[in-house]
Amino acid sequence: MKIAKPLMNKFETLKSTINPNILQALRSLCAPNGNLNYGAYGHLIQHCTDNNLPRQAKQLHARIFLFSITPENFLASKLISFYSKVKQLDQARYLFDSIPQKNTFSFNALLLSYSFHDMYLDVLKLFSSLVWSGLGDVSVRIDEYTVTCVLKALSGSLCDLRLAKEVHCFVLRCGFDEDVFVGNGLITFYAKCNAVGLARRLFDRMPEKDIVSWNSMIAGYSQGGYYEECKALYRKMIDSSHLRPNEVTLVSVLQACGQSNDLILGMEVHQFVVEHQIEIDISLCNSLIGLYAKCGSLDYARELFAEMDEKDEVTYAALVSGYMFHGFVDKALILFREMKHPGLSSWNAVISGLFQNNQCEGILDLVQEMLARGLRPNVVTLSIIFPTCSYFSNLKGGKEIHAYAVRNNYDHNNIYVATAIIDTYAKLGFLHGAKQVFDQSKSRSLILWTAIIAAYASHGDANAALSHFDEMLNNGIQPDNVTFTAVLTACAHSGMVDKARRIFDAMLPEYGIEPSVEHYACMVGVLSRAGRLSEATELISKMPIQPSPKVWGALLNGASVAGDAELGKFVCDHLFEMEPENTGNYIIMANLYSRAGRWEEADMVRERMKKIGLKKIPGTSWIETSGGLQSFVAKDMSSEKTEEIYMMLEGLLSVMREEGYNLQDQIDEETVYV
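Cut-offs applied
- Residues numbered from 1 in each chain as written.
- Predicted model: local features only at pLDDT ≥ 70, side-chain atom pairs only at ≥ 80, totals over all residues.
- Heavy atoms only, no water.
- Helix = DSSP H or I, 4+ residues; strand = E, 2+ residues; numbered from the N terminus.
- Buried < 20%, exposed > 50% of the residue type's maximum accessible area, 1.4 Å probe, protein only.
- Contact = heavy atoms within 4.5 Å.
- Areas by Shrake-Rupley, 256 points an atom, 1.4 Å probe, with all protein chains shown as cover.
- pLDDT = per-residue confidence, 0-100.
- Salt bridge = Lys/Arg side-chain N within 4 Å of Asp/Glu carboxyl O.
- Expected span 1.5 Å × (residues − 1).
- Axes fitted to C-alpha atoms, helices over the stretch in contact; angles between N-to-C directions.
- Parallel < 35°, antiparallel > 145°, perpendicular 65-115°, else oblique.
- Left-handed = near helix turned anticlockwise from the far one by under 90°.
- Nonpolar A, V, L, I, M, F, W, Y, C, P; charged D, E, K, R; others polar.
- Polar contact = N/O pair within 3.5 Å; in protein donor to acceptor, adjacent residues only side chain to side chain.
- Phe/Tyr/Trp six-rings, centres within 6.5 Å; stacked < 30°, edge-to-face > 60°.
- Lys NZ or Arg CZ within 6 Å of the ring centre and 35° of its normal.
- Core = buried A, V, L, I, M, F, W, Y, C linked by side-chain atoms within 4.5 Å.

Caption draft 1: Quick peek at the overall build of the protein. Helix and strand counts for the protein stand at 37 helices and two strands. For the protein, buried positions account for 44% of its 674 residues. Looking at the protein alone, contacts between residues at least 24 apart form 60% of all its contacts between residues at least 6 apart. As displayed, the protein has an accessible area near 35800 Å², and 53% of this comes from carbon and sulfur atoms.

So this is what it looks like as structure tokens:
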């Protein structure tokens, strides 16, 4: 029978790597009186944990067990940390539950273990237990380590600004506000809740900042889409901080540079990496490839890609996304097909790229292929697939995908999926379904509010859109550029000129948002639809920025409705120069001349179109019926139910006339083409 060697002999071969304190601990495992030396065991278990010696650590645990001793807080905490490192969380929890009288030290050991493994729900449950235990036990008190674990769990699992503020108040009451680790956790949590303003205020007030503080704030800006702020803070760090950016900092900044198309700063960051000999790991290299690919330097991105010894899924996805972003769909697909086992992020990059390039016909086939390979759509996939349903006017398909999202708990917990569902349902005319999704969403961010406001705006329900806008403001959520565009659009559809003007005039003084060309286009649309063409023209003349085709187009639409050929000519003189290949402008102008009886000028516009080589493309609409998707053009007579359709249309037109709408009774032949 083989006799096991004494434990001391197990460490003999490691003497050269063990410091004298550990050797002394080995010699004093048992005190002179025969009792266990808890301090010695604790130091040895910690040594085994730090030096990846799982077998020896388990032998130490076995010796403790042989003495019929239940480890108390000190020893149990060391063992909990060890079992966490070897991913045996059940054993760690068993040890914790066996502690006769737990203290803060043992609670923190298990909290850290759960936090390290991203078991956020378990962290929060254990924290709740700690709070209740501390009510009657002075040995159990929340400290800064506890709060740090809880903040990480909240950042990884929830997005609730009110909760973030409550936790912050708790931190202030407990006096942990000057602890740098707690501060870093709060910055991350605020940024996750899209409250980067509060995160920055906290960052600026921190008495002491470490590299994690800077990285947390820079990453918060980058991930939240505040790219200019991210780059500005990076420059401040370079200029004023004694801390040097590390690879984590640079990944966030490179992502901001790529998303904002700032190749110059991106190249400066790359140069910083080279000059300071920062180790380029796979994450940093992927960010560099993503930067150059997104900014159009595709050949250099491909060169970096080819030089990489180790590539992961993100590497391929970065280059595929770059090709797709710049319209090189074939190159993207070729690179994608080179992957032996593409992961979900690569599939998402290709699906997203096809949608961006208006090649929706291939998306559903690609999704079917992905499913056949055993991959299941995630929140990113769903956010891409939903718009495809609106592209094909496929409400049934949208509901089926929504059902998948519900089954996988994606619809309420992810704002991007919820936003995509609301937008899709609104575009498919299912406004009731969009409202239900909004009402059931647990976390209503600015994106979600904007989506439901835009949904009502697109359906002409200005009262509901404005009601939601007011409710959003009452909940303390500040609007952004997109929100104001949706609100002004709602006002335009309903002729609320005075309301629109008040909102437009309040953008800069009350919300700090400079009206963009998009907002001016909306405001011109509001005035034009209301027949106030002179005011719309005056607004354009006073614009502090160059009017875009959208601005002139809004005025042209008003001129068309009013039958003002002279104003139409004035507008089209600008539009013909700005977008000479837009057939819609020529058609509207020709129709204006025709309605005014100016036939020669109408023929001249049409002749100008022919010389440029423009063709009138029939505008096609789709509708979902029990027989599938049906497409049709204006004055279409191909349907078997043509007579019934036109009877229904005439009935609707009659109702509109009774409601006071001005209709063009005869459809001009040219308006068939848009």
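Caption draft 2: A look at the confidence of the model for the protein. On average, residues of the protein score 84 in pLDDT, and 89% of them reach the 70 mark or higher. Averaged over each element, pLDDT in the protein is lowest for helix α1 (residues 7-10) (49) and highest for helix α15 (residues 247-259) (95). A low-confidence stretch, residues 1-8 (pLDDT under 50), is modelled with seven contacts involving residues beyond four sequence positions or located in other chains. Confidence drops under pLDDT 50 across residues 665-674; counting only partners more than four residues distant or on other chains, this segment forms 21 contacts.

Caption draft 3: Region of the structure containing the pattern of salt bridges. On inspection of all chains with the given rule, the structure shows 18 salt bridges. Glu166 is the partner of Arg162 in a salt bridge, and the nearest nitrogen-oxygen pair spans 3.8 Å. Of this pair, Arg162 and Glu166 both sit in helix α10 (residues 161-174), four residues apart, roughly one helical turn. Taking the relative accessible area as the measure of exposure, Glu166 reaches 44% and is therefore partly exposed. Where Arg606 meets Asp603, a salt bridge forms, and the shortest distance between an N and an O atom there is 3.4 Å. Here Arg606 pairs with Asp603, and both are found in helix α36 (residues 599-612), just three residues apart, close to one helical turn. The exposure class assigned to Asp603 is partly exposed, which follows from its relative accessible area of 47%. Sharing partners across several salt bridges, the network here consists of Glu228, Lys231 and Asp262.

Caption draft 4: Layout of helix α17 (residues 282-294). Under the 1.5 Å per step criterion, the end-to-end length of α17 is 18 Å for 13 residues, consistent within 8% with the ideal 18 Å. Counted residue by residue, α17 has 10 buried out of 13 residues, so it is predominantly covered. Along α17, the positions that sit buried rather than exposed are Leu284, Cys285, Asn286, Ser287, Leu288, Ile289, Leu291, Tyr292, Ala293 and Lys294. Contacts from the buried residues of α17 go to α15, α16 (263-275), α18 (298-307) and α19 (313-325). Once α17 ends, the next one or two residues include Gly296, with phi positive near 95°.

Caption draft 5: Up close: the packing of helix α31 (residues 517-529) against helix α32 (residues 533-541). Here α31 crosses α32 at 160°, and the two axes come no closer than 8 Å. Taken together, the axes of α31 and α32 are roughly antiparallel relative to one another. Pair α31 / α32 crosses with left-handed handedness. Across the interface between the two elements, Tyr520, Met523, Val524, Leu527 and Ser528 of α31 pack against Leu533, Glu535, Ala536, Leu539 and Ile540 of α32. Its residues assigned to classes, the contact of α31 with α32 shows eight nonpolar, one polar and one charged.

Caption draft 6: Structural context of unusual backbone geometry. Although it is not a glycine, Asp118 sits at a positive phi angle of roughly 60°. Position of Asp118 among the secondary structure elements: in the loop between α7 (104-116) and α8 (120-134). Although it is not a glycine, Gln277 sits at a positive phi angle of roughly 50°. In this fold, Gln277 is placed in the loop between α16 and α17.

Caption draft 7: Representation of the side chain of Ser441. As for its placement among the helices and strands, Ser441 is situated in the loop between α26 (431-440) and α27 (446-458). Looking at Ser441, the relative accessible area reads 7%, which means it is buried. Within polar-contact distance, the side chain of Ser441 engages the backbone oxygen of Val437 at 2.8 Å.

Caption draft 8: Local environment of the packing of aromatic side chains. All chains considered together, the criterion is met by 15 aromatic pairs. Through successive ring pairs, a cluster of aromatic residues spans Phe469, Phe484 and Tyr511. Sitting over the face of the ring of Phe203, Lys209 holds its NZ or CZ atom 5.0 Å from the ring centroid. Against the face of Phe430 rests Lys399, its NZ or CZ located 4.6 Å from the ring centre.

Caption draft 9: Summary view of the nonpolar core. Among the nonpolar cores identified, the biggest contains 161 residues, and Leu250, Ile289, Leu319, Ile422, Ile453, Val524 and Leu555 are the most heavily contacted of them. The biggest single contributor to this core is α27, with nine residues. Discounting residues that sit within four places of it in the chain, Ile289 has contacts with Ala301, Leu304, Phe305, Met308, Thr315, Ala318 and Leu319. Among the nonpolar cores identified, the runner-up in size contains 31 residues, and Leu53, Ala57, Leu79 and Val140 belong to it.

Caption draft 10: The arrangement of the side chain of Ser77 in detail. For Ser77, the location among the structural elements is in helix α5 (residues 73-85). With relative accessibility at 3%, the residue Ser77 sits in the buried group. Among the polar contacts made by the side chain of Ser77, one reaches the main-chain carbonyl oxygen of Asn73 at a distance of 2.6 Å. Sequence-distant contacts of Ser77, that is, excluding residues within four places in its chain, are made with Glu72, Phe105, Ser106 and Ala109.

Caption draft 11: Structural view of the packing of α19 against helix α20 (residues 329-338). Taken N-terminus to C-terminus, the directions of α19 and α20 make an angle of 160°; their axes are 7 Å apart at the nearest point. As summarised for this structure, α19 and α20 are arranged roughly antiparallel, according to the angle between their axes. Pair α19 / α20 crosses with left-handed handedness. For the pair α19 and α20, contact is made by Tyr316, Leu319, Val320, Tyr323 and Met324 and by Val329, Lys331, Ala332, Leu333, Leu335 and Phe336, respectively.

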